[in-house]
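Breakdown of the fold
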Amino acid sequence: MISADGVHFTYPNGNEVLRGIDLRIDDGEFLAIMGENGAGKTTLIKTFNGLLRPTKGQVFVNEIDTKKTSVASLSRNVGLVFQNPDHQLFCETVRDEVAYSLRNFGYSRDIVERRVKGILETLDLVPYMNSSPFMLSGGERKRVALASVLVWNPQHIVLDEPTIGQDYQQKDRLRNFIVQLNSQGKTVIMVTHDVEFVAECRPRVMLLSRGKIIGDGRADKILTDGRLIDQASLLHPQISLMFSSFNDLPHDVIDVYSAYTIVKKRIRGSRNVIASL
Amino acid sequence: MDPRAKFVVIMAIFVISLIQTNVLALSLILVAQVPLIWIAKSMKRWGASMKGGFLLATLIFIMNFATGSTFTYSIAMTIRFLALLSSFSIFFMTTSPDDLGLALEEAHVPYTLCFTFTTAVRLVPTMATDAQTVVDAQRSRGLELDKGNLLKRIRNYIPILIPLIVSAIRRSVELAEALESRGFGLSVKRQPVTVLRMRKSDYAAILAAVALLMLAAWASIYAQLPIIEIHFELPRLWCIV
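Note that this is a predicted model, so its numbers are computed, not measured.

Thresholds, definitions, all that
- Residues numbered from 1 in each chain as written.
- Chains lettered and ligands numbered in written order.
- Predicted model: local features only at pLDDT ≥ 70, side-chain atom pairs only at ≥ 80, totals over all residues.
- Helix = DSSP H or I, 4+ residues; strand = E, 2+ residues; numbered from the N terminus.
- Buried ≥ 20, exposed ≤ 12 C-beta atoms within 10 Å, placed from the backbone.
- Contact = placed C-beta atoms within 7 Å.
- Pairing = 2+ DSSP bridges.
- Nonpolar A, V, L, I, M, F, W, Y, C, P; charged D, E, K, R; others polar.
- Axes fitted to C-alpha atoms, helices over the stretch in contact; angles between N-to-C directions.
- Parallel < 35°, antiparallel > 145°, perpendicular 65-115°, else oblique.
- Left-handed = near helix turned anticlockwise from the far one by under 90°.

Broken down by element type, chain B carries eleven helices and zero strands. In chain B, the succession of α and β elements from N to C terminus is α-α-α-α-α-α-α-α-α-α-α. Split into buried and exposed, the 241 residues of chain B put 21% on the buried side. Of the contacts made within chain B by residues no fewer than 6 positions apart, 76% connect residues no fewer than 24 positions apart.

Encoded structure:
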């Protein structure tokens, strides 16, 4: 479990980015943290693995106070995948890059080999195993960055803007992968602006605005609350915008698949009515 | 203030600092800059840069004293370093990269060189932010920069430096492409958006700086400034070493 009690964070330049965050993320939850630029999303997730320590309040990871533990210790439980993979790639081969963190954590050679092989197979990176990570495409580098965090099997996985720079196919693969991770009991926390992606994943959604939580709940409730969406400077899901124009259609539809089912039922119903006339 | 006038003032302080070896004179040069910093409303930033130079200042003192210079002379060299650091800090804190570039262009330095210099200065905060992000990313993968012996700690910086250098090279290539797409390097005479103009206050500052420089040069040859001697000797054990 990850919890935050009255967390405030102020950067050295005096900018108070988090202003009293209280939250609780249970094991195995799937959470999307959304909000406008500067809302404090990235700052908040950096408090989960101790990179940033709250200036007031406390963050607990598995009941351990993050102020009293090193980043390396917290990272064993909280794997943070950064937005830009180029900020971490430095090894000569993809295999070495993925193995790097396991070596830091002191795993034995055979465990390192086994785990690296396993994660490379899971993420379809085996063909690039001996390639330089700098020679890969953007999407492939992102998968390498993801592999380098998942390899040590952290309980909580935090993804910072995972869909940036990804085409539709890669986003679809990512969505399936995230859902699969969550179904295996991993806590998945995602920071994103991508409303459509969140609508398709249907996680719990937490909206941040100016360092405070302004909304927290199911995706279909939060993403269809116009006032909250506007306050968080997000785009309304296109489907919910379309459905809200019709009085007799439900207003809590956020994804294409649900919309398709509803519209198909209505069309069938209308046909039956016409046929009976 | 026009950056050219500022530069003349700073160079005057620089030369005066080099001419003088008297502790009192060098201390006066250092202290005399404080009102300038206060006028520029940069006390905090100046303090931070002086704090950053403290380690090097200590090293300068130790190197001078350990190689046979007197205690007073070592103190004088340390104060000289701080005076030089302070003067250049003031210049860069109060001069924007754009003004600096304009001043260099007015001095007929080729535009490509001016642009290279100002872009490098402008990108320093960006690279500092990138460096912090890289450190965060690697720490999140278990890197502990403060653990291990000296050699291990130095090697621990490899995972920081390589992503930073690669990121800087990538940024440079993208910037170059963006610049070329916007006509950079055409052999047409550029029209600057703003033009630097010297005001009476700028000329007055230059005159004052030149006058001070001449006075300092005269004083270093003919004037007898009070000499402050601080006697300090290391214990005999150190002397043997």
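All names here are of chain A. Inspection of the sheet shows strand S1 (residues 2–10) paired to strand S2 (residues 16–25) by seven bridges, in the antiparallel sense. Bridging across to S2, Val7 finds its partner in Ile21. The turn linking S1 back onto S2 is made up of five residues, and Gly14 within it adopts a positive phi angle of 95 degrees. Here S1 runs beside strand S4 (residues 56–61); their pairing, made up of five bridges, is antiparallel. Among the inter-strand pairings, Ala4 is bridged to a residue of S4, identified as Val59.

Turning our eyes to something else, we now look at the environment of His193 of chain A. Residues and elements named next belong to chain A. Tracing the backbone shows His193 in the loop between strand S8 (187–191) and helix H7 (195–201). Of the residues examined, His193 has 18 C-beta atoms within 10 Å and is grouped as partly exposed. Distance from His193 to Leu235, taken between C-alpha atoms, is 8.5 Å for residues 42 residues apart in sequence.

The subject of this paragraph is the interface of chain A and chain B. Between chain A and chain B, the residue contacts involve 19 residues of the former and 18 residues of the latter. Along the lines of polarity and charge, the residues of the side of chain A that touches chain B split into ten nonpolar, seven polar and two charged.

All names here are of chain A. The strand order across the open sheet built from six strands is S6-S7-S8-S3-S9-S10, with neighbouring strands paired in mixed fashion. Of all the strands in the sheet, just strand S6 (78–81) and strand S10 (212–218) have a single pairing partner and so form its edges. Each neighbouring strand pair of the sheet contributes to a mean axis angle of 15 degrees, computed without reference to strand direction. As paired elements, strand S3 (residues 30–35) and S8 share four bridges and run parallel to each other.

What follows is about the sheet that holds S4 of chain A. Taken together, the four strands give an open sheet; going across it, the order is S2-S1-S4-S5 (chain A), and neighbouring strands pair in antiparallel fashion. Both outer strands of the open sheet, S2 and strand S5 (64–65) of chain A, are each paired with one neighbouring strand and no more.

Okay, unusual backbone geometry next. Residue and element names in this part refer to chain A. Even without a glycine there, the phi angle at Asn62 is positive, about 50 degrees. Turning to its location among the elements, Asn62 is positioned in the loop between S4 and S5. Positive phi values are uncommon outside glycine, yet Arg202 reaches one of about 55 degrees. With respect to the secondary-structure elements, Arg202 resides in the loop between H7 and strand S9 (204–209).

So, about the pairing of S6 of chain A. All names here are of chain A. A two-sided burial pattern is seen for S6, the buried positions comprising Val78 and Leu80 on one face and Gly79 and Val81 on the other. Pairing of S6 with strand S7 (residues 156–160), which is carried by four bridges, proceeds in the parallel orientation. Looking across to S7, one finds that Val81 is bridged to Leu159.

We now examine the packing of helix H4 (residues 54–66) of chain B against helix H5 (residues 71–94) of chain B. All names here are of chain B. Interhelical geometry of H4 versus H5 gives an angle of 150 degrees and a closest axis separation of 9 Å. Looking at the two axes, H4 sits roughly antiparallel to H5. Note that H4 runs across H5; the crossing there is right-handed. Counted together, Ala57, Ile60, Phe61, Asn64 and Phe65 of H4 and Phe71, Tyr73, Ser74, Met77, Thr78, Phe81 and Leu82 of H5 form the full contact between these two elements. Of the residues in the contact of H4 with H5, the class split is nine nonpolar, three polar and no charged.

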